[in-house]
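Observations on the model geometry
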Amino acid sequence: MAALGASLALLVWFVFLIFVSVWKRIYSSWKLPPGPFPLPIVGNIFDLDLKNIPKSYAKLAKEYGPVFTVYIGSKHIVVLHGYEVVKEALLDLKNEFAGRADIPVFEAHQDFGIIFNNSETWKDTRRFTLTVLRDYGMGKKSNEERILRESQFLLEILRKTNSQPFDPTFVLGGAPLNVIYNILFHDRLDYSDKRCQKLLHLYNENFYLLSTPWIQIYNNIGSYLRYLPGSHRTLYKNISEAKQYVSERVKEHQELLDLNDPQDLTDCLLIQMEKDKKNQKNGFDLENVTVTVADLLFAGTETTSTTLRYGLLLLLKYPEVEEKLHEEIDRVIGSERMPSMKDKVNMPYTDAVVHEILRFINLVPSNLPHVMNQDMQFRGYFLPKGTTVYPTLTSVMLDSKEFPNPEQFDPGHFLNENGKFKYSDYFKAFSAGKRVCVGEGLARMELFLFMIIILQHFNLKSLVSPEKIDTSPITIGFGSVPPIYKLCLLPRSEM
Ligand code: HEM
């Protein structure tokens, strides 16, 4: 009898808890944008295809409009869908929407550096880094020089494949890694160097894991699941290992620092740190320098490298596009001289292909999560300070009015009827506003030059017929991850 009473009491207690949780949710979401009704504990995870959340967002936008709320677990997030609303948030209301939401697996970077920084040091860190990046991008040791110098190493290793099938992941990773490595550390790593391979492996694995369904849930539910087994633990380990590597390089730089003769971006940050210390300013300390450098090394490597790799896969699928690229490269540059950024105005087709690759692959489909910096009324809804907001980039770059057949890879999306390059304000691969990608200029330059260098010297050969190539991402989350594939590079001079 006593056992029955206790069970009944427990049941009542449990029902009461569910009631309170549902009531709290209804009450707190009263003025939030509309969305599917969340279940207790799990929220809307059954309304979302966790393997392709951007696709689910597109469906929900049809039902609830361009601003809607979804719950992952008990956390609510607001999704912005479509050009008008994304532009309004990122550009017209840029201060209000400029915060960065917590991403639990990046705890080791949180509130330091740039990407995951939502503290008062973000603005100065970002501004100072951008100034130094600009200085290092120009003049004698310009980024163009860096990229062209690195292309020689890239060509050397590509030639060594001897027209045999190979997986391009690590080779195409090494080139962007070395460009940003040189800006940060005034050095480069040989492609066979264990440190190079280790970093590339960590970044590649992280980009994949970050895009898997479990990490979408984990990053929203919170770090109290941290000690459970799962791939989030690999991510924590990898992120900490990559940070440790950077920390050692930063300390080496500190020991050799000449305040009057900085050699690279790390030196510039360390000099600024000394100035801040002297002026008792709460700006750069050693942790902030380390995380800034770690942010740039990761963001500067994996994004560009994945885009190059995905881009070559698309050219294998669409050999007619590759053929037109060869034609333009041969006509404008020829086979002897190196390409230059000055060639871009005369190469509208190549320019259009690079834009179309970035649009089509949609590397960061939902964007990185932003957070409201203050309470605000937005399109008739109340968004409290601290609300996580996704200004989704897919919804802009797959707009069917701007890009007819948006799901089709077609460089014509960026060409006018005279074959000239056509600008589109819907091209937002790098986002926009206060958090816009810090490396946009560098990435665009690398993609243009590396792509040309590869195609100037090689014809691409697929191991299967183009119709059999599936270019769909293997997983979509934080990023769109391309399928693993092999190709052959046939030297053009021998054709
Ligand atoms: C194809 C290449 C790239 C793509 C598609 C890309 C895309 C993006 C996107 C979508 C964001 C989020 C913006 C937002 O929160 O609204 C971002 C942020 C960022 N990117 Fe990139 N990126 C690329 C290359 C690079 C490179 C080469 C670097 C480094 C030199 C870099 C450094 C950063 C940093 C530091 C941020 C954080 C900005 C902030 O939070 O203030 N990215 N990028």
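Reading the values: the criteria
Along every chain, residues carry numbers that run from 1 in the direction the sequence is written. pLDDT decides what is reported in this predicted model: residues at 70 or higher carry local features, side-chain atom pairs at 80 or more are listed and counted, and totals for whole chains, interfaces and linings draw on all residues regardless. Here the side-chain values reflect all heavy atoms present in the structure, with hydrogen atoms and water set aside. Ligating atoms shown are N, O and S within 2.8 Å of the metal, or 3.2 Å for Na, K and Ca, and water is not included, meaning a site may look less than complete. In this text, helices come from DSSP runs of H or I with a minimum length of four residues, and strands from runs of E with a minimum of two, each type numbered from the N-terminal end. Distances are taken per atom, and a residue is near a molecule or strand as soon as one of its heavy atoms is within 4 Å of it. Here a polar contact means two N or O atoms within 3.5 Å. Within protein one must be a hydrogen donor candidate and the other an acceptor candidate, and residues neighboring in sequence count only if both atoms are side-chain atoms. Here the aromatic set is Phe, Tyr and Trp, taking the six-membered ring for Trp, and pairing holds for ring centres within 6.5 Å; pairs whose planes are under 30 degrees apart are stacked, those over 60 apart are edge-to-face, and all others are tilted. Counting as a charge over the ring demands two things of the Lys NZ or Arg CZ atom: a distance within 6 Å of the ring centre and an angle within 35 degrees of the ring normal. Counting rule for disulfides: a pair of cysteine sulfur atoms within 2.5 Å. Each residue's exposure class comes from its accessible area (1.4 Å probe, protein chains only) as a fraction of the maximum for that residue type: buried when under 20%, exposed when over 50%, partly exposed otherwise. A strand pair is defined by DSSP finding two or more bridges across the two strands. For every element, the axis is a line fit to its C-alpha atoms; helices are fit only across the contacting stretch, and the angle between N-to-C directions ranges from 0 to 180 degrees. Small angles under 35 degrees read as roughly parallel and large ones over 145 as roughly antiparallel, with 65 to 115 read as roughly perpendicular and the rest as oblique. Crossings are assigned a handedness: left-handed for a near helix turned anticlockwise from the far helix by less than a right angle, right-handed for a clockwise turn. It only takes one pair of heavy atoms within 4.5 Å for two residues to be counted as in contact. Classification convention: Asp, Glu, Lys, Arg as charged; Ala, Val, Leu, Ile, Met, Phe, Trp, Tyr, Cys, Pro as nonpolar; all other residues, Gly among them, as polar. For cavity detection a 1 Å grid was placed over the protein atoms alone, and a set of points counts as a cavity when a 1.4 Å probe fits there but cannot get out; an open set counts as a pocket when protein lies on both sides within 12 Å along at least five of seven lines, with lining residues being those that have an atom within 4 Å of a point. Grid points are joined across faces, edges and corners, and a volume is the space filled by probe spheres set on the points. Salt bridge, as used here: a side-chain nitrogen of Lys or Arg that lies within 4 Å of a carboxyl oxygen of Asp or Glu. UniProt positions are given in the numbering used here, feature names are shortened, and annotations may be inferred rather than shown by experiment. Residues belong to one nonpolar core when they are buried, are Ala, Val, Leu, Ile, Met, Phe, Trp, Tyr or Cys, and are joined through side-chain atoms within 4.5 Å.

Another aspect to go through is the coordination of the iron atom of the ligand. For the iron atom of the ligand, the sole protein-derived donor is Cys-437 (SG), lying 2.3 Å away. With respect to the helices and strands, Cys-437 occurs in the loop between helix H14 (394-397) and helix H15 (440-457).

Further remarks concern the site of the ligand. The environment of the ligand is made up of 27 residues, and the closest members are Arg-126, His-370, Ser-431, Arg-435 and Cys-437. Interatomic distance of 2.9 Å between a side-chain N/O atom of Arg-100 and an oxygen atom of the ligand. A distance of 2.8 Å separates an oxygen atom of the ligand from a polar atom in the side chain of Arg-435. Of all the secondary structure elements, the ones that give two or more residues to the shell around the ligand are helix H4 (122-137), helix H11 (286-317) and H15. The biggest single contributor to the shell around the ligand is H11, with 5 residues.

Attention now goes to the packing of aromatic side chains. Following the criterion strictly, the structure yields 17 aromatic pairs and no others. Here Phe-106 and Phe-298 contribute two aromatic rings whose centre-to-centre distance is 6.1 Å and whose plane-to-plane angle is 35°, an arrangement assigned as tilted. Here Phe-298 lies in helix H11 and Phe-106 lies in the loop between strand S3 (99-100) and H4, a separation of 192 residues in the sequence. Positioned above the aromatic ring of Phe-153 is the side chain of Arg-188, whose terminal nitrogen or guanidinium carbon lies 3.5 Å from the ring centre. The ring centre of Trp-122 lies 4.0 Å from the NZ or CZ of Arg-435, which sits over that ring.

Turning next to the state of the cysteines. Each disulfide consists of one covalent bond between the sulfur atoms belonging to two cysteines. Enumeration over the complete set of coordinates arrives at 0 disulfides. Take Cys-268: it sits in no disulfide, and the sulfur closest to it among the cysteines is that of Cys-437, at 20 Å.

By the criterion of burial, strand S1 (residues 67-72) is predominantly enclosed, with 6 of the 6 residues buried. Neither face of S1 is open: one carries Val-67, Thr-69 and Tyr-71, the other Phe-68, Val-70 and Ile-72, and all of them are buried. One ladder, built from 6 bridges, connects S1 with strand S2 (residues 75-80); its direction is antiparallel. If you follow Thr-69 over to S2, its bridge partner there is Val-78.

Below, the discussion takes up the packing of helix H9 (residues 231-256) against H11. For any two helices packed against each other, the geometry is given by the interaxial angle and the distance between the axes. Interaxial distance between H9 and H11 falls to 9 Å at its minimum, and their mutual angle equals 120°. Comparing their axes, H11 and H9 come out oblique. As H9 packs across H11, the resulting crossing turns out to be right-handed. For the pair formed by H9 and H11, the contact residues are Lys-243, Val-246, Ser-247, Val-250, Lys-251 and Gln-254 on the first element and Leu-286, Glu-287, Val-289, Thr-290, Val-291, Val-293, Ala-294 and Leu-297 on the second. Across the contact of H9 with H11, the residue classes break down as 8 nonpolar, 3 polar and 3 charged.

Empty space within the largest pocket amounts to approximately 1000 Å³. As for the largest pocket, its lining consists of 46 residues, and the residues nearest its centre are Ala-299, Cys-437, Val-438, Gly-439 and Glu-440. At 9 residues, H11 tops the list of elements feeding residues into the lining of the largest pocket. Residues belonging to the lining of the largest pocket are distributed by class as follows: 27 nonpolar, 11 polar and 8 charged. Taken as a whole, the second largest pocket holds about 860 Å³ of empty space. Contributions of two or more residues to the lining of the second largest pocket are made by helix H2 (53-64), helix H3 (83-92), helix H13 (348-361) and H14. In terms of residue count, H2 provides more of the lining of the second largest pocket than any other element does, 5 residues in total. Within the lining of the second largest pocket, the residues separate by chemical class into 14 nonpolar, 10 polar and 6 charged.

This paragraph deals with the sheet that holds S2. The 5 strands lie next to each other as S1-S2-S7-S4-S3, forming an open sheet whose pairing is mixed. Each having just a single partner strand, S1 and S3 make up the two edges of the open sheet. As defined by bridge partners, strand S4 (residues 370-371) adjoins strand S7 (residues 388-391) across 2 bridges and the pair is classed as antiparallel. Residue His-370 lies in a different strand from S7, and its bridge partner there is Val-389. Taken strand by strand, H3 contacts S1, S2, S4 and S7, and its axis lies near 110° from that of S2.

One pass over the structure, following the stated rule, counts 17 salt bridges. Residues Glu-150 and Arg-188 are paired through a salt bridge, measuring 2.9 Å at the closest nitrogen-oxygen approach. Of the two residues, Glu-150 is situated in helix H5 (residues 143-159) and Arg-188 in the loop between helix H6 (169-185) and helix H7 (194-210); the sequence distance between them amounts to 38 residues. Judged by relative accessible area, which is 22%, Arg-188 ranks as partly exposed. Here Asp-343 makes a salt bridge to Arg-337, at a shortest N to O gap of 2.8 Å. Residue classification places Asp-343 among the buried positions, given a relative accessible area of 6%. A network of salt bridges, in which partner residues are shared, links Lys-198, Lys-237 and Glu-241.

A word on the UniProt feature "binding site: heme" (unreviewed entry) in the chain. In the numbering adopted here, UniProt assigns the feature "binding site: heme" (unreviewed entry) to Cys-437. Taking the relative accessible area as the measure of exposure, Cys-437 reaches 34% and is therefore partly exposed.

With that settled, the discussion passes to the nonpolar core. One finds Leu-80, Phe-97, Val-105, Leu-154, Leu-297 and Phe-378 to be the most contacted residues of the largest nonpolar core, which totals 132 residues. The greatest single-element share of this core, amounting to 13 residues, is contributed by H11. Aside from chain neighbours lying at most four places away, what touches Phe-378 is Val-67, Leu-80, Val-85, Glu-88, Ala-89, Leu-93, Phe-97 and Leu-383. Residues Ile-53, Leu-60, Ala-61 and Val-70 belong to the second largest nonpolar core, which totals 14 residues.

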